[in-house]
4 protein chains.
Amino acid sequence: MTAIDNRTAAAAPAVSLDDVRAAARAALDPRVWDFVDGGSGTEHTLVANRAAFAELALVPRVLTGVAAPHTAAQLVGTTAAMPVAVAPMAYQRLLHDGGEVSAARAASTRGVPYIISTLSSYSLEDIAATGADTWFQLYCLRDQAKNDELVGRAEEAGCQALMVTADVPLMARRLRDVRNGFALPPHVRAANLDNGSSSKAHRGADGTSALAVHTSAAFAPGLSWPDVERLRRRTTLPLIIKGILDPRDARTAADLGADAVVVSTHGGRQLDGVQPSLRALPGIVAAVSGDCEVLLDSGVRDGTDVLKALALGARGVLFGRPVLWGLALGGEGGVAEVLALLHTELTEAMTLAGCGDPAAAARLRTERLRPHA
Amino acid sequence: MTAIDNRTAAAAPAVSLDDVRAAARAALDPRVWDFVDGGSGTEHTLVANRAAFAELALVPRVLTGVAAPHTAAQLVGTTAAMPVAVAPMAYQRLLHDGGEVSAARAASTRGVPYIISTLSSYSLEDIAATGADTWFQLYCLRDQAKNDELVGRAEEAGCQALMVTADVPLMARRLRDVRNGFALPPHVRAANLDNGSSSKAHRGADGTSALAVHTSAAFAPGLSWPDVERLRRRTTLPLIIKGILDPRDARTAADLGADAVVVSTHGGRQLDGVQPSLRALPGIVAAVSGDCEVLLDSGVRDGTDVLKALALGARGVLFGRPVLWGLALGGEGGVAEVLALLHTELTEAMTLAGCGDPAAAARLRTERLRPHA
Amino acid sequence: MTAIDNRTAAAAPAVSLDDVRAAARAALDPRVWDFVDGGSGTEHTLVANRAAFAELALVPRVLTGVAAPHTAAQLVGTTAAMPVAVAPMAYQRLLHDGGEVSAARAASTRGVPYIISTLSSYSLEDIAATGADTWFQLYCLRDQAKNDELVGRAEEAGCQALMVTADVPLMARRLRDVRNGFALPPHVRAANLDNGSSSKAHRGADGTSALAVHTSAAFAPGLSWPDVERLRRRTTLPLIIKGILDPRDARTAADLGADAVVVSTHGGRQLDGVQPSLRALPGIVAAVSGDCEVLLDSGVRDGTDVLKALALGARGVLFGRPVLWGLALGGEGGVAEVLALLHTELTEAMTLAGCGDPAAAARLRTERLRPHA
Amino acid sequence: MTAIDNRTAAAAPAVSLDDVRAAARAALDPRVWDFVDGGSGTEHTLVANRAAFAELALVPRVLTGVAAPHTAAQLVGTTAAMPVAVAPMAYQRLLHDGGEVSAARAASTRGVPYIISTLSSYSLEDIAATGADTWFQLYCLRDQAKNDELVGRAEEAGCQALMVTADVPLMARRLRDVRNGFALPPHVRAANLDNGSSSKAHRGADGTSALAVHTSAAFAPGLSWPDVERLRRRTTLPLIIKGILDPRDARTAADLGADAVVVSTHGGRQLDGVQPSLRALPGIVAAVSGDCEVLLDSGVRDGTDVLKALALGARGVLFGRPVLWGLALGGEGGVAEVLALLHTELTEAMTLAGCGDPAAAARLRTERLRPHA
């Protein structure tokens, strides 16, 4: 891992994403690390997401003749080199000055879609201009006209899908950030929003972080299904609803014409104590019964995790924090290496499981084990 | 948290109840801390109550249009700002000289019922005079006339419900208190009982605490359902039976005209090794099938815990030790802050779960996970 | 605990059996401690027995009117002050010079049967002469005539039941003893056996302990059901088969006229990795369906454990190592205190669970929880 | 353990395989230790295999009259002194200069089959010349003619069965080896392969170990069922397929005429995160329903583990790493002692479980417990 190793000369080379994580933690300002790494409340869900992967065992197939599996997948109409997209994550200039632009270039290099956050610290146009396959993630704003404007800009810039986040009626209290009095540095701002209010570092008197105050001020608090219907009519882009755990909500999304739902706990950063994404996945796959795609988010940390999600019926996964680790360590090169490592791991896992392509992975059996600490 | 922070100037501000707990532990005499914090026997139930909350996962709803949920609830006829009442707890002057009077004032400020213990260290009349919504908790005394007198005083003082404790045929051995030779200081006495015998600090020769000896001397040892029937006829106040874990007992309580039952392990302080309250809850909700309200006690430590209890069918919860932590740290102000923090957490949790009111919370799905240490 | 405290003057008084255990451990020669405390193999079963109790939760009843429960029980025809008998344990002079005689006197004082081991270090006649209610435990010897002689002596001495141990076709390797080169000191011998060969301290060349070598030499290796039938015909005493885990074996025992079976893992000292006794109990209760009594052995460490065994259908329990702890610390007085503490705990637990007698305990519900470390 | 103790003079004698493991770890070059001990990826499967044994409880039978069980078994036509074969393991000269020749001699002494790895560091002819009962394990090479040649050599040398490894379409990344830059020392080479390319110590630029590079170069990457059919036709030796976890694959193997399948996770060294072998076993036993033998591999560490595998339907087990520990400590003598210890433990376990022979073990009941750390 050249780019990453450059930043951690004395350290051992990174052979797993855990290595990358440790190096990123060592390299980052602890407050930024906490912002990236932390979850909400007591971080039960953060831990539970990982436990859900750890306790799920795969049952591989043998002698299938697979030597070099095809990892490519169609995700909501976008061709991806593997069934993975870079998750939408805010303010990536916190990690590296190249921010979203560098990350998107790396995604492009590795052939996976890059999802632009409403709260990106480069403009969506700048990011789309990298030539990456991009999707645009929308936090619905209080000002409906601005939402329409954002969607229009995303269409104009060539984004290939619109992803509406459903699980942020407000930003949950992330206690690490509250304790750290975390606020954005001046040079990091929400580049897509004209007022740039997020750049004002301020801490709420009632124990919330500056980001939460900003989010609360800007975002529409009572988003509902009619808003989704309006967006469905507003754009011809594929529509993805992100942040669903209850199968009834997934069914509603499919009925309203969503092209995909993302089963997600928001990386353990919204309601603490919820069902881990991986545990919710099979019920949601059953509920939509093929009427829309199902993507999984939250907790994916290596190639076998991707394979586990596929085995439980996901079409693909979103891949979040590890991309930020790579970005922190090596900018574009670091992200590219992280994605390459994931691809290596997934290819190996598919080969060892006898899966020639993602569709074969969906036929693997699994068993839930008990966690062994 | 102003009042609490005053007491812990050098410490970090309290952003969670765990912070409040740690500060209270640091501030209190270790023997008083043990009296508050401890459970009976090997404290299995104390731990199991928390584990039961930790292993229960919520399945939130999205896009429900809820921006600011209504947390208000009717609990046994009393309107509460949230589905929470302050649990009955003895001898609150151990924590702060303002004792029950301060705590009740704070409950009143935050709009939640305050339950007066038979063993309160201010008289029930003094506590009721705060203007708080109060319920009176009765430990049946050996002298039946005194029970009637206590009930009459509670009615006279304006208490809005009578709560009979069913799970203390004797006080369990709490080993921390036994080891500490714990006894009440002279200024703390059972103000509702005329002999004030509890003020005599004495330790039983056979390894029991002074409190246990006193309890044994004063309380009726063989309470039974006919006693409940007598109380039901004695008062027109709503009647609540506290301390039920077996659905058959809940059914009997409903049949005898109880307005509510409290599923409780007595905070892990009576029979050690029992089923955690949260695990017993669904069976009891099913057994009473709407014929009386079901409240949950034991182990509630944050807003998501309240939401979990509602999701399993509780009408509301009793909230105990954290109130004492706040009382220890800041008197009335400390309790008010603890209750405000719980309200903030519950409001956030309901918003994030898409629940516009407690009734919506009752329709949430849940899943039991395995504990991850 | 006067007798125990005499031995541990500087230590805190014992308020639980865990305290007694810690004091005994501190007081004993580490090799003797290991002999008492250890299990076979990797000691999985030793741990699993305790975990089985810890994970079983009781569902208490309330308002039953029980103030002072009757703990007395009939165990295989013997009236006991509580549903407990002192388990058969070898070589008790290792713990205290009074050995089995002191322990039996204490059992008599507390009104519980004392089970004399074939390998007792006082003769069965000496032990029976204490006036305690005694049962005789038989390890079948290679020499059939000696078995008959032992049974005859037990009858003659007034023993009230014959307990045949079924789970020692050979003595399992107990690695602590093997590592310690454990052997009996000269003054401790198998007083019931005329050759006294156990007094020769020798260590087997193939990594077994001296006790194992002796056991192998003296005991019949291929005991079978016809041997039980022969014993059934040989004596009119109640016959108890100890060491059963498979329900099919319990059924056979009942069919052959056994008056009781003891569900046991031999305290985790025979086959390592077996089902814990408490887990095996319900299946065995169902299999014998009242045709013989079912006793539980292995892992009972406090009064709630006894109540748990009763709730799962046991008629009573055998109580082992804690008796040895008491013996080590205070001889007869120490054992009496240990038994008194257990009785106090059981009485409290039955009161708190609303059980007026052991039969009521059998109607309690239970739930299996997950272990919380 | 004479041979082993010679190597660890100051240490306590080995009374369990855990002792042998600790001594081997202390004696070996850490990189060789990691090569032997490590698994792939995050080593989840390595841990899960052991947890699966630990959580399975046996239900022993009593009074069966078994004094000295017959441990002998027929494994794929070979008579073995116990239902155990030495697993195929590569490059045994890494542990001791005597390598496979010493290990095979010890296996012969103890009467168990020795399985020769394709990657043995002595030639299969040298190993077979020891007179041991040998089976030959085949990694299918890219060059089909060489496969035929290897099979022919194995037949010629007197190997009694052919075992085809199905779970190595590529060698998984073993992170310990990658981090250690592990490569074979010059004197250790794949003696059965004429080019001996494995002796070139080189490390892949992309973070793989030298062994993985070699494996990838030499082995056929896309092995499939038609290859098995070809081998079935090619030889009259009993055919064993090793590395099966999915019952559908086991069924296919039986249908194609395999004489046995080996349920295996490759010792936790191939796809990480798979179902532990022991958990997969019952489903596979059911799927083949007696049409071929089922052997278990991965995680066997003592005699009760063997008994557990038999109880779940295995005909026998492969025994791997402990043999290497013995080899490292004492060469032929060390392996003989390890096998003797296993035999002692198995004999004891069968006696204590009342099993007169392996068939009786298959009738034991089991119960799955929760793990207790």
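Residues numbered from 1 in each chain as written. Chains lettered and ligands numbered in written order. Predicted model: local features only at pLDDT ≥ 70, side-chain atom pairs only at ≥ 80, totals over all residues. Heavy atoms only, no water.

K.L.:
Describe in detail the overall build of chain A, supporting the description with residues and values.
P.N.:
Helix and strand content of chain A: 15 helices and twelve strands. Expressed as lengths along the three principal axes of its C-alpha atoms, the size of chain A is roughly 60 × 55 × 40 Å. Counting across all 373 residues of chain A, residues that qualify as buried make up 65%. In chain A, the share of contacts with a sequence separation of at least 24, taken over all contacts with a separation of at least 6, comes to 73%. Accessible area for chain A stands at about 11800 Å²; split by element, carbon and sulfur atoms hold 50% of it. (Helix = DSSP H or I, 4+ residues; strand = E, 2+ residues; numbered from the N terminus. Buried < 20%, exposed > 50% of the residue type's maximum accessible area, 1.4 Å probe, protein only. Contact = heavy atoms within 4.5 Å. Areas by Shrake-Rupley, 256 points an atom, 1.4 Å probe, with all protein chains shown as cover.)

K.L.:
Tell me about the interface of chain D and chain C, residues and numbers included.
P.N.:
The partner chain C presents 41 residues to the 35 residues of chain D that form the contact. Of the roughly 3200 Å² buried between chain D and chain C on both sides combined, carbon and sulfur atoms contribute 59%. For chain D, the biggest contributors to the area lost against chain C are Leu63, Leu352 and Arg370 of chain D; these three give 24% of the whole. Between chain D and chain C we count four salt bridges in total. Put simply, Arg179 of chain C and Asp19 of chain D hold a salt bridge, and the shortest N to O gap is 2.6 Å. Taken together, chain D and chain C are joined by twelve residue pairs in polar contact (both at pLDDT 80 or more). Counting only elements with at least two residues in the side of chain D that touches chain C, the list comes to β1 (56-59), α13 (303-311), α14 (321-352) and β12 (365-368) of chain D. The element contributing the most residues to the side of chain D that touches chain C is α14 of chain D, with seven residues. Looking at the side of chain D that touches chain C residue by residue, the classes come out as 17 nonpolar, seven polar and eleven charged. (Buried area = accessible area lost by both parts, 1.4 Å probe. Salt bridge = Lys/Arg side-chain N within 4 Å of Asp/Glu carboxyl O. Polar contact = N/O pair within 3.5 Å; in protein donor to acceptor, adjacent residues only side chain to side chain. Nonpolar A, V, L, I, M, F, W, Y, C, P; charged D, E, K, R; others polar.)

K.L.:
Quick one: what's the story with the packing of helix α5 (residues 99-110) of chain D against α14 of chain D, residue by residue and with numbers?
P.N.:
Residue and element names in this part refer to chain D. It is the contact of α5 with α14, at a shortest axis distance of 8 Å, that shows an interaxial angle of 20 degrees. It follows that α5 is roughly parallel to α14 by the angle criterion. The interaxial crossing formed by α5 with α14 has right-handed handedness. Contacts between α5 and α14 involve Gly99, Ser102, Ala103, Arg105, Ala106, Ala107, Thr109 and Arg110 from the former and Leu327, Gly331, Glu332, Val335, Ala336, Glu337, Leu339 and Ala340 from the latter. (Axes fitted to C-alpha atoms, helices over the stretch in contact; angles between N-to-C directions. Parallel < 35°, antiparallel > 145°, perpendicular 65-115°, else oblique. Left-handed = near helix turned anticlockwise from the far one by under 90°.)

K.L.:
So what's going on with the relation of the copies chain A and chain D? Which residues, and what values?
P.N.:
When chain A is fitted onto chain D, the two copies agree to an RMSD of 0.0 Å after a turn of 90 degrees and an axial shift of 0.0 Å. In short, the pair behaves as if placed about a four-fold rotation axis. A share of only 11% of interface residues in chain A that are also interface residues in chain D marks the association as one of differing surfaces. (Least-squares fit on C-alpha atoms with pLDDT ≥ 70 in both.)

K.L.:
Mind laying out helix α11 (residues 247-255) of chain C, listing which residues take part and the relevant values?
P.N.:
All of the buried residues along α11 of chain C are Pro247, Asp249, Ala250, Ala253 and Ala254 of chain C. Around the axis of α11 of chain C, the buried residues are gathered within 155 degrees of arc, so they sit on the same side. The secondary structure elements touched by the buried residues of α11 of chain C are α10 (225-234), β8 (239-244), β9 (260-263) and α12 (277-288) of chain C together with β12 of chain D. Where α11 of chain C begins, the side chain of Asp246 of chain C points an oxygen toward the backbone nitrogen of Arg248 of chain C, at a separation of 2.8 Å. The first or second residue beyond α11 of chain C is Gly257 of chain C, which carries a positive phi of 95 degrees. (Arc of directions from axis to C-beta.)

K.L.:
Give a description of the interface of chain A and chain D that names residues and reports values.
P.N.:
Chain A puts 36 residues into the contact, and the matching count from chain D is 41 residues. For the pair chain A and chain D, the two sides together bury roughly 3200 Å², of which 60% comes from carbon and sulfur. The interface formed by chain A and chain D holds four salt bridges in total. At the surface where chain A touches chain D, the tally comes to twelve residue pairs in polar contact (both at pLDDT 80 or more). Mapped by element, the contributors of at least two residues to the side of chain A that touches chain D are β1 (56-59), α13 (303-311), α14 (321-352) and β12 (365-368) of chain A. Across the side of chain A that touches chain D, the residue classes break down as 18 nonpolar, seven polar and eleven charged.

K.L.:
Provide a residue-level description of the pairing of strand β9 (residues 260-263) of chain D, including the pertinent values.
P.N.:
All names here are of chain D. Residues of β9 alternate between two faces, with Ala260 and Val262 on one and Val261 and Val263 on the opposite face, all of them buried. Bridge count for strand β8 (residues 239-244) against β9 is four bridges, and the pairing is parallel. Bridge pairing in β9 links Ile241 to Val261. Inspection of the sheet shows β9 paired to strand β10 (residues 293-296) by four bridges, in the parallel sense. Residue Ala260 lies in a different strand from β10, and its bridge partner there is Glu293. What joins β9 to β10 is helix α12 (residues 277-288), and the crossover it makes is right-handed. (Pairing = 2+ DSSP bridges. Right-handed = clockwise from strand over helix to strand, strands pointing away.)

K.L.:
Kindly report on the packing of aromatic side chains, identifying the contributing residues and their values.
P.N.:
Residue and element names in this part refer to chain B. Counted by the stated rule, this structure contains eight aromatic pairs over all chains. A ring pair is formed by Tyr139 and Phe219, whose centres lie 4.6 Å apart and whose planes are at 25 degrees; its orientation type is stacked. Of this pair, Tyr139 sits in the loop between β6 (134-138) and α7 (144-157) while Phe219 sits in the loop between α9 (210-218) and α10 (225-234), and the two are 80 residues apart along the sequence. For the pair shown, Tyr139 and Phe219 are each scored as buried. The aromatic ring of Phe35 is capped on one face by Arg269, whose charged end is 5.2 Å from the ring centroid. (Phe/Tyr/Trp six-rings, centres within 6.5 Å; stacked < 30°, edge-to-face > 60°. Lys NZ or Arg CZ within 6 Å of the ring centre and 35° of its normal.)

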